[in-house]
Amino acid sequence: MKIAPFLTSLVVAVWVIAIAIISVQNATPVSLKFLTFQSIQIPMGLVLAFSAGVGLIGMALLQPLWGLASFGQRNSRLEDDAEFFVDDENF
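Residues numbered from 1 in each chain as written. Predicted model: local features only at pLDDT ≥ 70, side-chain atom pairs only at ≥ 80, totals over all residues. Heavy atoms only, no water.

### Some thoughts on unusual backbone geometry
Okay, step 1: Here the phi dihedral of Leu35 falls at roughly 55°; this positive angle occurs in a residue that is not glycine.
Okay, step 2: Relative to the helices and strands, Leu35 is located in the loop between strand S2 (33-34) and strand S3 (37-38). (Helix = DSSP H or I, 4+ residues; strand = E, 2+ residues; numbered from the N terminus.)

### Description of the environment of Leu48
Okay, step 1: Tracing the sequence through the fold places Leu48 in helix H2 (residues 44-82).
Okay, step 2: The exposure class assigned to Leu48 is partly exposed, which follows from its relative accessible area of 30%.
Okay, step 3: With 26 residues separating them in the primary sequence, Leu48 and Ile22 have C-alpha atoms 8.5 Å apart. (Buried < 20%, exposed > 50% of the residue type's maximum accessible area, 1.4 Å probe, protein only.)

### Describing the environment of Val47
Okay, step 1: Mapped onto the fold, Val47 is located in helix H2.
Okay, step 2: Taking relative accessible area as the criterion, Val47 reaches 12% and is therefore assigned buried.
Okay, step 3: Along the primary structure Val47 and Pro29 are separated by 18 residues, whereas in three dimensions their C-alpha atoms are 9.6 Å apart.
Okay, step 4: When residues no more than four places from it in sequence are discounted, the contact partners of Val47 are Val30, Leu32 and Ile42. (Contact = heavy atoms within 4.5 Å.)

Everything listed here is a matter of coordinates, which is why it stays silent on function.
What follows is the structure, encoded as structure tokens:
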């Protein structure tokens, strides 16, 4: 049994429960303002849930890109290291 997927699911479940509790307690409508733009009045819990959802989806989409970037860096680093390992017997 792999424990990593279980722990990931457990962490996500705890965050979902925490957001649900906080959203029930914070039903006060708020208006978000960014630069000159202003939103309609929406409950604070809904803003928090939406923000957490966007963050989870964004990280899920960006994670494979970070894997590709680190893979390219590892290969170039190995090629650079190979230049220093010269066989001295042939010289």
